[in-house]
Amino acid sequence: MYRSHVLVCGGTGCSSSGSGAILEAFKKEIQAHGLEHEVAVVQTGCHGLCALGPIVVVYPESTFYSQVTLGDVPEIVSEHLLKGRIVDRLVYKEEEEDNSVKSFNDTDFAKKQHRVALRNCGVINPESIDEYIGTRGYEALGKVLTEMTPEQVIDIVLASGLRGRGGAGFPTGKKWQLARVLVQDGGPKYVCCNADEGDPGAFMDRSVLEGDPHVVLEAMTIAGYAIGANQGYIYVRAEYPIAVERLNIAIGQAREYGLLGKDIFGTGFDFDIELRLGAGAFVCGEETALMTSIEGKRGEPRPRPPFPAVSGLFQRPTILNNVETWANIPQIILNGPEWFAAMGTEKSKGTKVFALGGKIANTGLVEIPMGTTLREIVEDIGGGVPNGKKFKAAQTGGPSGGCIPAEHFDVQVDYEHLAELGSIVGSGGMIVMDEDNCMVDIAKFFLEFTVDESCGKCTPCRIGTKRMYEILDKITKGKGTLEDLDRLEALAKYIKDNALCGLGQTAPNPILSTLKFFRKEYEAHVVEKRCPAGVCKSLLQYRIDPDKCKGCTACARKCPVSCISGTVKQPHVIDQSKCIKCGTCMETCKFGAISKG
Amino acid sequence: MKSLEELKAIRERMQNQLGVRDKDEKQTRIVVGMATCGIAAGARPVLNKFAELVQEKGLKDVMVTQTGCIGICRYEPIVEVFESGKPKTTYVHMTADKAEEVFNRHIIGGNVVKDYVIPATIEVGK
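Here is what the cut-offs are and how they apply
For every chain, the first residue of the written sequence is number 1, and numbering continues from 1 onward in sequence order. Here every chain gets a letter starting at A, and every ligand a number starting at 1, in the order they are written. Thresholds applied to this predicted model are a pLDDT of at least 70 for local features of residues and 80 or more for the giving and counting of side-chain atom pairs; totals over whole chains, interfaces and linings are not thresholded and use all residues. Boundaries of every domain are those given by an automatic assignment or by a domain database. Whether two residues are in contact is decided by their C-beta atoms, placed from the backbone, lying within 7 Å. Helix and strand definitions follow DSSP, with helices as H or I runs of at least four residues and strands as E runs of at least two, each counted in order from the N terminus. Only Asp, Glu, Lys and Arg are considered charged in this grouping, and only Ala, Val, Leu, Ile, Met, Phe, Trp, Tyr, Cys and Pro are considered nonpolar; every other residue, Gly among them, is considered polar. Two strands pair if DSSP finds at least two bridges between them. Helix axes are fitted to C-alpha atoms over the stretch in contact, other axes to C-alpha atoms as well, and angles between N-to-C directions run from 0 to 180 degrees. As used here, a nonpolar core is made of buried Ala, Val, Leu, Ile, Met, Phe, Trp, Tyr and Cys residues. They are joined through C-beta atoms within 7 Å. In this scheme every C-beta is placed from the backbone, and a residue whose C-beta has 20 or more other C-beta atoms within 10 Å is buried, one with 12 or fewer is exposed, and one in between is partly exposed. An expected span of 1.5 Å times one less than the residue number is assigned to each helix. Each direction from the helix axis to a C-beta atom contributes to the arc, which is the arc of those directions. Each crossing gets its hand from how the near helix is turned against the far one by less than a right angle, where anticlockwise is left-handed and clockwise is right-handed.

Asker: Give me the domain arrangement of chain A: which residues, what numbers.
Answerer: Reports of interface size often rely on the accessible area that becomes lost once the parts have come together. Under the domain assignment, chain A is made up of domain 1 (4-106), domain 2 (129-340), domain 3 (351-434), domain 4 (439-526) and domain 5 (541-596). Averaged C-alpha coordinates put domain 3 of chain A and domain 5 of chain A at centres separated by 38 Å.

Asker: Which residues make up the interface of chain A and chain B, and what are the values?
Answerer: Each partner contributes to the interface: chain A provides 31 residues, whereas chain B provides 28 residues. The dominant element in the side of chain A that touches chain B, judged by the number of residues it contributes, is helix H5 (residues 129-134) of chain A, at four residues. A per-class count over the side of chain A that touches chain B returns eleven nonpolar, eleven polar and nine charged.

Asker: Break down the sheet that holds strand S14 (residues 429-434) of chain A for me, with residues and values.
Answerer: All names here are of chain A. Reading across from one edge, S11-S10-S14-S12-S13 is the order of the five strands in this open sheet, with mixed pairing throughout. Every interior strand has two partners, whereas the edge strands, strand S11 (364-369) and strand S13 (402-405), have only one. Pairwise comparison of adjacent strand axes, ignoring direction, gives a mean angle of 30° for this sheet. Two elements, strand S12 (residues 391-396) and S14, share five bridges in a ladder whose sense is antiparallel. Bridged to Gln395 within S14 is Ile431.

Asker: Please set out the sheet that holds strand S1 (residues 28-33) of chain B residue by residue, giving values where relevant.
Answerer: Residues and elements named next belong to chain B. The strand order across the open sheet formed by four strands is S2-S1-S3-S4, and the pairing between neighbours is mixed. Each edge of the sheet is formed by a strand with only one pairing partner; in this case those strands are strand S2 (62-67) and strand S4 (89-91). Going across the sheet, the axis of each strand differs from the next one's by a mean of 20°, ignoring polarity. Strand direction decides the pairing type here: S1 and strand S3 (residues 79-83), joined by five bridges, are antiparallel. The residue of S3 that forms the bridge with Thr28 is Glu83.

Asker: For the nonpolar core, give the residues involved together with the corresponding values.
Answerer: Residues Phe26, Cys192, Val216, Ile222, Ala394 and Val432 of chain A together with Phe50 of chain B are the most contacted members of the largest nonpolar core, which totals 209 residues. Examining the composition of this core, we find that ten residues originate from one element, helix H10 (residues 213-227) of chain A, more than from any other. If near-sequence neighbours (up to four positions away) are discounted, Ala394 of chain A is found in contact with Leu374, Val378, Cys403, Ile404, Met430, Ile431, Val432 and Met433 of chain A. Ranked by size, the runner-up nonpolar core spans eleven residues in total, among them Cys555, Ala556, Cys559 and Ile564 of chain A.

Asker: Any details on the pairing of strand S8 (residues 269-278) of chain A? Residues and values, ideally.
Answerer: Residues and elements named next belong to chain A. Pairing analysis gives seven bridges linking strand S6 (residues 231-237) to S8, with the strands arranged parallel. For Arg237, the partnering residue across the bridge sits in S8 and is Gly278. Taken together, the two bridges between strand S7 (residues 261-264) and S8 define a ladder with antiparallel strand orientation. Of the residues in S8, the one forming a bridge with Ile264 is Phe269.

Asker: I'd like a rundown of helix H3 (residues 43-57) of chain B, residues and numbers included.
Answerer: All names here are of chain B. In this model, H3 (15 residues) spans 22 Å end to end at C-alpha, consistent with the 21 Å of a helix rising 1.5 Å per residue. Taken residue by residue, H3 has Ala43, Arg44, Val46, Leu47, Lys49, Phe50, Ala51, Leu53, Val54 and Gln55 as its buried positions. Against helix H1 (4-18), S1, helix H2 (36-41), S2, S3 and helix H4 (96-108) lie the buried residues of H3. Looking one or two residues past H3, Gly58 carries a phi angle of roughly 65°, positive in sign.

Asker: Explain the environment of Ser400 of chain A residue by residue, including any values.
Answerer: Residue and element names in this part refer to chain A. Inspection of the secondary structure puts Ser400 in the loop between S12 and S13. A C-alpha to C-alpha distance of 15 Å links Ser400 and Cys455, two positions 55 residues apart in sequence. Ignoring anything within four residues of it in the chain, the contact list for Ser400 reads Gly167, Ile424, Gly426, Leu503, Thr506 and Asn509.

Asker: Tell me about H1 of chain B, and please be specific about residues and values.
Answerer: Residue and element names in this part refer to chain B. Across its 15 residues, H1 extends 20 Å between first and last C-alpha, which sits within 8% of the 21 Å expected from 1.5 Å per residue. Among the residues of H1, those classed as buried are Leu7, Ile10, Arg11, Met14 and Leu18. Mapping the buried residues of H1 onto a view down its axis gives an arc of 105°, with all of them on the same face. Facing away from the buried surface of H1 by more than 90 degrees, the exposed residues are Glu5 and Glu12.

Asker: Describe unusual backbone geometry, listing the residues and the values that go with them.
Answerer: All names here are of chain A. Cis geometry is found at the peptide bond from Tyr59 to Pro60, where omega equals 10°. Within the fold, Pro60 resides in the loop between strand S3 (56-59) and strand S4 (63-65). Across the junction of Arg304 and Pro305, the peptide omega takes the value -5°, indicating a cis bond. At Asn387, a position not held by glycine, the phi torsion is positive, near 60°. Structurally, Asn387 can be placed in the loop between helix H15 (374-381) and S12. For Asn387, a count of 8 C-beta atoms within 10 Å translates into the label exposed.

Asker: Describe the packing of helix H9 (residues 204-211) of chain A against helix H11 (residues 241-256) of chain A, with residues and values.
Answerer: All names here are of chain A. As a packed pair, H9 and H11 sit with axes 8 Å apart at the nearest point and diverge in direction by 40°. By crossing handedness, the relation of H9 to H11 is classed as left-handed. On the side of H9, the interface is formed by Arg206, Leu209 and Glu210, while H11 contributes Ile242, Ala243, Arg246 and Leu247. Its residues assigned to classes, the contact of H9 with H11 comprises four nonpolar, no polar and three charged.

Structure, rendered in structure tokens:
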């Protein structure tokens, strides 16, 4: 019996800021005080506030300590755990002057969130099957296997309105139904989990796998029963070592408890799951390429139809769902489809996890009901754009998505509304941009990624994305023409219509959406040879205002290429032919005499 | 091989343990003074006894926590019971055995154990 639990975040974010050592220090320090039989130290998954890691939560008070260092550990143990005095200075505060000590659940960051897929992340020890069972884990599987027919399971998933969280938003129940009904020859069928999260900046699936791996195993087993499959595969990137390790532990524990394997709960139903590690190719997140890779072949997509529900893995009926989709299933079974359908909007039910990044105060992971406005996510939960800068746009859906500009700040975030604006919910990456971000440069960044990751099987994607990238590069170097903009748009539309797989078809989205909302910025690059955000170096010039320059020589001394000349107490001058536009002089100047444009 | 019953048994056992991490507002808080004065007077076994009993009985509405010095050190170990809508009760000179009695009669039974409650007037200078 433990009177208090110390939860140390073991997600990738906090691990990289040293939470592993913090965990060990707590164990040692607690032992040194003889409290090891009273206070439990537990490693958990992600709490979501990755920017403030390492994170430590102490229950029962639910005290949320952020940015904990090794030196803080003895103080927390001797003050909080031994004497019951919360260490105020380490408690997470929303504002500098905020002196109130709040429990994590009362912060703005946590208040507007609604955790369904992430409900166990940061609460349970992901390496303990017992803790998962203690939060009603495997209860849904028991109910499904002993009380329900496969058809009833599918009906519940259909009625919940759950749609694929990997990006496309296809109704999950429909997918299962097709896989059950279309082929009924008694041969094998397969259940796959797409954990090949490849969008830059996205880490929703990783956090679920790291924080609550059993939920994926349970959900896949439920789906196996529903469609008549006995084998599942989880395709996870090798770049997620913590997730892979915890999945392996979870699979081992589930087999030991007989929750995977033969004759589960004595019902005669067999199901087992194996891991397949991806080598990091972006295209392997596309469903047909993913299955080809599981088969041991080079990961390349193939045309659909036939759809995986008819002919997928090993040419057999297969369902493939994303990690976050799976994480919703057991709770839909336990709480009923009505419970799930009551969250979200008319056509987009439930919640969605977003990985907030870019120019935002609270970098991290948030789960919100579908239909929450972009403004609420960025300002209320995300804490707004830092340094007093203005919100310019949010990029959703990664390289397959688009930008939502400030004039649509109040858009409801769901499948339909984002599609109307030419973006997508996607897997859940959300990158916030402020006035210092150049939209042409952003489009170029994503295209560079797509060019690198194009598998090369089809011409529109292999050559088309390269040509689009070249045009963008030309524009950012000040060599673009207005005709280039028209050619870019025409090419983008062609690729959208003709690429083989979803990745190629969506690759032009970053260009199309920035052209739609920020055409003026493109035109400024082309016509005025100017980058309004001051990002594109070829179009930049740093100038010293002779009236403001005091001749202090600070900039000249800092300039790495010695292109600033002038005598003491006389205005200095920048030699534009030598300048590499690093901006050091502007940062150095104390008199605001240097401007860029 | 686990049966449904075995699963249920694990669930119930773990739910009581994980109750410590429950995020809902608790109706009742048992607060044990755990400053140096409290610890020296033997507050630790009192705190642990309460924590153990609450988890054993699986009381979801009760939170056991600690606090610093309450200021009347000669009455330590001190336990305060906060119940929503009721005045707080302060128990003094507690022991693990008294804690069990308070738990059974007050927390479960709903009757304040008057014998252990702090005297109405604290006599100063004695």
